[in-house]
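An overview of the molecular structure
Residue strings, one per chain:
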Amino acid sequence: MIYFLVLFLTLVLVACGSLLLLTRRRKGRSVEGWGARLRRWRLLRLLSQQKQFQILETETKNAWDIQENFLQEILRQFHDTEYGRKHHFKDMTDVSSFRKLHPLTNSSHYKDHIERISKGEENILAPGKPIALVATAGTSGIPTTVPVTANSAIQRFLQGTALGLELIYYHLPGALEKVVKFSCATTFRLSEGGSPVGPYPPAPSSKFLKHLYPPAPPVHATVSHNDLLYTQLLFALRDPDVSALEANFSWLLGNVFSLLETHWESLILDIQLGLLCPDLQLPGDTRRQIEEMLVPDSQRAAELQLQFERGFRGIAKRVWPKLQVIIAVGAGASELDAKILKDVTCQGIPLYSPMYCAAEGLIGVNLWPKNPAPRYVLCPRSVFFEFIPVGAKEDEKQETFLLKDVIEGEAYELVITNNDGFIRYRLGDVVRVTGFHNQCPIVEFLYRKSQTLSVRGECISEDDFYRTLCYTVSQWPGANLLNYCCAENGILGVLSGGSDPHYEVFLALKGVRDLSEEQRYKLDQALQEHFPVYKSFRFKGSIGPVRVHLVHPQSFFSLQCLASSISGAPLDCMQPSRTLRYRELAESIRKQVFS
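Residues numbered from 1 in each chain as written. Predicted model: local features only at pLDDT ≥ 70, side-chain atom pairs only at ≥ 80, totals over all residues. Heavy atoms only, no water.

Examining helix H15 (residues 462-473)
Test applied: Counting from the N terminus, the helices are DSSP H or I runs at least four residues long and the strands are E runs at least two residues long. The span one expects for a helix is its residue count, reduced by one, times 1.5 Å. Burial status follows relative accessibility: with a 1.4 Å probe on protein chains alone, a residue under 20% of its type maximum counts as buried, one over 50% as exposed, and anything between as partly exposed.
Compared with an ideal rise of 1.5 Å per residue, which puts 12 residues at 16 Å, H15 spans 16 Å between its outermost C-alpha atoms and is within 8% of the ideal. Every buried residue of H15 is listed here: Glu462, Asp463, Phe465, Tyr466, Thr468, Leu469, Thr472 and Val473.

In structure tokens, the structure reads:
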């Protein structure tokens, strides 16, 4: 009897030991405990109920009434603020009187108010005190901060983030089983009045979303953005079961895959040895904490090496066979980065841009995760919308259209009134109406007005310039566009290389090492073909030819880091800088030209 008891205990100990060894061996593959799995199951169960989608469906069927009620509630709640008293909100009893009595505004209109809010004054634009000030480059390209109220943060989360996750859960079953998010280090500072200044604040109700993501490696404030992304990529590569990749903007994911292509041998060695590359500049404590989370995994290292040696086209699906979706903004200035992801590294995987947001509010949501081109249904309960037709004559009493008046196929500049005290605010974004979802317009983002090129009043939009550039690159044999930005020559001063007003264009290309002068001039010819006003100025000699320069792809990540430091906006919360408005940015990229 004793013999059998000893044998039984021995077998139990052996089984427990084997299980422990197996767990340790697979720790590098992010094996989760039952508690984490249960919390994720509860979250997915909640998303499966489609609660926010049902609310949106109801509201879009009655969009105009929702809009009127939203505006009346804003006027009622804000009438006793300093701004509301000054502008006689009590006299604005309906939409008609509101539009008649309050002028259109822009960022400069709120400059003094925001300065006072940052010093701690309350009840200025909105009742009470904002929960945060969001650092942004601003609609005019000028760095500023935007006050955010708790109500705005909650609505943005419920109507935007939560709804987007519900749609992914419904249309792409299993995609939310293991989500890896790439992000840059976030720093906060306090305004003079004690308000936090930084990225958009999370809503209190968003805390449960942490259960979507596996444990992240420790972060230290001194770690560079590239080293942080390298570490996040290392942890993602260790796990073959990743089902979704997420970043705020597609340019950041593009940089992640660029890191992968450059440093894949180092990453494989890290996974094989369970150690961090010694070249990473990490504080000793941070390095030790990260390496404690690593376990040598030679099997996974061998799997990855086999895939990387085959090349990087379609690498995402080969490295993560269960990958179903890329979650990132891919519209506007991010369109080029999204296209490269879909055409090269992430072939066959839908790129879903769930929300159209600005620091000033949630604009719309994308109801179609599998569609390649992002389209957004305007959210009738997020902000009050007005629309200025593109091409309308500018004057102080600019006529606007309302939500019920817009026409499919037409382009409009957005004007919003929000929960944070921005009233009839010209957002600076231009959209085109592509259809309707119930009573709500569906829009595609076209461009930001602040990114328009104009040295003589010719006004070439960000979107138009990008299309023309793509057309030109297609005429250069073997060339593929990786990145670009441009500037009006006046911002460069003596570095501009010519006295006549002209455009300076900086390109990163793949497939060619240099361009002839004839090839470079094709961009100027294309601009003349597509824009008669530009052609007339070129013919008169009042605009000089475009100067085209080549730079290395990594130059644009450095440029983005510099733009972040100038504006104070978090790096991973910024669209790419396409039209440079600061001499410091233009000089930085100009100094990195190699041809």
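Let's talk about the state of the cysteines
Where we set the bar: In this description, the term disulfide denotes a pair of cysteine sulfurs within 2.5 Å.
Summed over the entire model, instances satisfying the criterion amount to 0 disulfides. You can see Cys470 has no disulfide; the closest cysteine sulfur is in Cys486, sitting 12 Å from it. With relative accessibility at 28%, the residue Cys470 sits in the partly exposed group.

With respect to the pattern of salt bridges
In a structure, side chains of opposite charge can pair up when their charged atoms sit close to one another. Applicable threshold: Here a salt bridge means any side-chain nitrogen of Lys or Arg lying within 4 Å of a carboxyl oxygen belonging to Asp or Glu.
Here the structure, examined in full by the defined rule, presents 26 salt bridges. Each of Glu82, Arg116 and Glu121 takes part in one network of salt bridges that share partners.

Some points on the packing of aromatic side chains
To describe a pair of aromatic rings, one takes the distance between the centres and the angle between the planes. Heads up, the rule is: Only the six-membered ring of Trp is used, alongside the rings of Phe and Tyr, when aromatic pairs are assigned; centres must lie within 6.5 Å, and planes under 30 degrees apart are stacked while those over 60 apart are edge-to-face, with the rest tilted. Only when the NZ of Lys or the CZ of Arg is both within 6 Å of the ring centre and within 35 degrees of the ring normal is a charge said to sit over the ring.
A full pass over the atoms with the stated rule returns 18 aromatic pairs. An angle of 55° between the planes, with centres 5.6 Å apart, marks the rings of Tyr356 and Tyr376 as tilted. Taken together, the residues span a long stretch of sequence, with Tyr356 in strand S9 (residues 355-358) and Tyr376 in strand S11 (residues 376-378) at a distance of 20 residues. Here Tyr356 and Tyr376 have matching classes, each one buried. An aromatic cluster is defined as three or more aromatic residues linked by ring pairs; in this entry it consists of Tyr83, Phe89, Tyr110, Phe422 and Tyr425. When the ring centre of Tyr200 is taken as origin, the NZ or CZ atom of Arg156, which lies over that ring, is 3.8 Å away. A cation sits over an aromatic face here: Arg238 above Phe235, 4.7 Å from the ring centre.

Here we look at unusual backbone geometry
The phi angle at Arg424 is positive, at roughly 50°, despite the residue not being glycine. Along the chain, Arg424 turns up in the loop between strand S14 (411-417) and strand S15 (425-437). The exposure class assigned to Arg424 is buried, which follows from its relative accessible area of 4%. Notably, Cys459 is not glycine yet its phi reads approximately 55°, a positive angle. Of note, Cys459 is situated in the loop between strand S16 (440-448) and H15.

Quick word on the sheet that holds strand S1 (residues 132-136)
Backbone hydrogen bonds hold the strands of a sheet together, and the pairing may be parallel or antiparallel. Applied cut-off: Here, strands pair whenever DSSP counts at least two bridges between them.
Strand order in the open sheet made by the 4 strands is S2-S1-S5-S4, with mixed pairing throughout. A strand with exactly one partner marks an edge of an open sheet, and here the two such strands are strand S2 (144-148) and strand S4 (189-190). As paired strands, S1 and strand S5 (residues 196-198) are joined by 2 bridges and run parallel to one another. What sits directly across from Val134, in S5, is Gly198.

As for the packing of H15 against helix H16 (residues 517-530)
How we decide: Note on definitions: angles span 0 to 180 degrees between N-to-C directions of axes, and those axes are lines fitted to C-alpha atoms, for helices only across the stretch in contact. Should an angle fall under 35 degrees it is taken as roughly parallel, and over 145 as roughly antiparallel, whereas 65 to 115 is taken as roughly perpendicular and any remaining angle as oblique. Throughout, a crossing is termed right-handed when the near helix is turned clockwise from the far one, and left-handed when it is turned anticlockwise from it by less than a right angle. The contact definition used throughout considers only heavy atoms, calling two residues in contact when any of these lie within 4.5 Å. Here the nonpolar group is Ala, Val, Leu, Ile, Met, Phe, Trp, Tyr, Cys and Pro; Asp, Glu, Lys and Arg are the charged ones; every other residue, Gly included, is treated as polar.
Axis separation between H15 and H16 bottoms out at 9 Å; the angle between their running directions is 130°. Looking at the two axes, H15 sits oblique to H16. You can see that H15 and H16 cross each other, and the crossing is right-handed. For the pair formed by H15 and H16, the contact residues are Phe465, Thr468, Leu469, Tyr471 and Thr472 on the first element and Lys522, Leu523, Ala526, Leu527, Glu529 and His530 on the second. Split into classes, the residues belonging to the contact of H15 with H16 amount to 6 nonpolar, 3 polar and 2 charged.

Some points on the side chain of Arg578
Using the following cut-off: Whenever a nitrogen or oxygen atom comes within 3.5 Å of another N or O atom, the pair is scored as a polar contact, on the condition that within protein one atom can donate a hydrogen and the other can accept it, and that pairs from neighbouring residues in sequence are kept only if both atoms are in side chains.
Along the chain, Arg578 turns up in the loop between helix H18 (554-567) and helix H19 (583-590). Here the side chain of Arg578 touches Tyr484 through a polar contact of 2.8 Å, landing on its backbone oxygen. If near-sequence neighbours (up to four positions away) are discounted, Arg578 is found in contact with Ala333, Leu336, Asp337, Gln451, Glu462, Asn483, Tyr484, Cys485 and Cys486.

Quick word on the confidence of the model for the protein
For clarity, the cut-off: You can read pLDDT as the predictor saying how much it trusts each residue, on a scale of 0 to 100.
Averaged over all residues, the pLDDT of the protein equals 89, while 92% of them reach at least 70. Every residue in residues 3-30 scores below 50 in pLDDT, and together they form 23 contacts with partners more than four places removed in sequence or on other chains.

With respect to the environment of Lys510
As for its position among the elements, Lys510 is in strand S18 (residues 503-510). Relative accessible area serves as the criterion here: at 46%, Lys510 is assigned to the partly exposed category. As for Lys510 and Phe249, which are separated by 261 residues in sequence, their C-alpha atoms are 22 Å apart. Excluding residues that lie within four positions of it along the chain, Lys510 makes contacts with Gly478, Ala479, Asn480 and Leu482.

With respect to the sheet that holds S16
Read across the sheet, 8 strands follow the order S9-S10-S11-S16-S15-S14-S12-S13 without closing on themselves; strand pairing throughout is antiparallel. The sheet is open, and its two borders are formed by S9 and strand S13 (401-402), each paired with just one other strand. As paired strands, strand S12 (residues 384-389) and S13 are joined by 2 bridges and run antiparallel to one another. Bridge pairing in S13 places Glu386 opposite Leu402.

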